[in-house]
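Okay, here's what each chain looks like letter by letter:
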Amino acid sequence: ETGVTQTPRHLVMGMTNKKSLKCEQHLGHNAMYWYKQSAKKPLELMFVYNFKEQTENNSVPSRFSPECPNSSHLFLHLHTLQPEDSALYLCASSYRVDTQYFGPGTRLTVL
Amino acid sequence: AQTVTQSQPEMSVQEAETVTLSCTYDTSESDYYLFWYKQPPSRQMILVIRQEAYKQQNATENRFSVNFQKAAKSFSLKISDSQLGDAAMYFCAYIQKYGNKLVFGAGTILRVKS
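Residues numbered from 1 in each chain as written. Chains lettered and ligands numbered in written order. Predicted model: local features only at pLDDT ≥ 70, side-chain atom pairs only at ≥ 80, totals over all residues. Heavy atoms only, no water.

A.B. asks: Hey, could you run me through the packing of aromatic side chains in this one?
C.D. replies: Any aromatic ring pair is given by two values, namely how distant the centres are and how the planes are angled relative to each other. Per the stated rule, a full pass over the model turns up 15 aromatic pairs over all chains. Considering the side-chain rings of Phe64 of chain A and Tyr89 of chain A, the 5.9 Å spacing of their centres and the 35° angle between planes classify their relative orientation as tilted. In this pair, Phe64 of chain A is assigned in strand β7 (residues 64-70) and Tyr89 of chain A in strand β9 (residues 87-94), connecting sequence segments 25 residues apart. In this structure Phe64 of chain A comes out as buried when scored by relative accessible area, which is 6%. The interplanar angle of 70° and the centroid separation of 6.1 Å between the aromatic rings of Phe102 of chain A and Phe104 of chain B together place this pair among those described as edge-to-face. Taken as a pair, Phe102 of chain A in strand β10 (residues 101-102) and Phe104 of chain B in strand β11 (residues 103-104) lie in two separate chains rather than in one. With relative accessibility at 3%, the residue Phe102 of chain A sits in the buried group. Given the relative accessible area of 6%, Phe104 of chain B is considered buried. What links up through ring pairs into an aromatic cluster is the set Tyr33, Tyr35 and Phe102 of chain A together with Tyr33, Phe35, Tyr37, Phe91 and Phe104 of chain B. (Phe/Tyr/Trp six-rings, centres within 6.5 Å; stacked < 30°, edge-to-face > 60°. Helix = DSSP H or I, 4+ residues; strand = E, 2+ residues; numbered from the N terminus. Buried < 20%, exposed > 50% of the residue type's maximum accessible area, 1.4 Å probe, protein only.)

Here it is as structure tokens:
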């Protein structure tokens, strides 16, 4: 596979569930990002990782927990989410802080 | 703080014709990058074109070109010979050089009529 992949593409979860979103990049990049895209709102940057180190946490609630085990993989662990967390979650990667390439997103619905 | 403004929530164009999408931004930095991304109904955010602020020459990619006016802080996207596959939401975005925060505009929905 090439580019940036995300799994699952769709996820429905209850407020008490724990789930994880996965992102993998095959571009040799060293920076990875999580964004949240809600209806009628601009994209919101959530987290940034450079060389596996978190360099940005954009005031994200602790019910979202990122993990970056290496430069190619990024996870977003979810627990006790709220219905307002329903959104499209996009992963992106870049070489250093240049052009970002996005994955197809995970559509999350919290019941 | 940097901001990006797209003043056209929605635009329409006839197939084979040309359309221009507007974008303005606000920054006190002199070195930065600007982008246009396309997001079709499939949701994948696809890079359309990239412009480096220190380059005077406007970027072009096949049917897509930009009009970059640094003093006016304007960065419009021109799509020539529009095709049905161009229908999507288009986002203008800014990132400061050596920064890690890509700032997006609210987007413009482009509809292409056959």
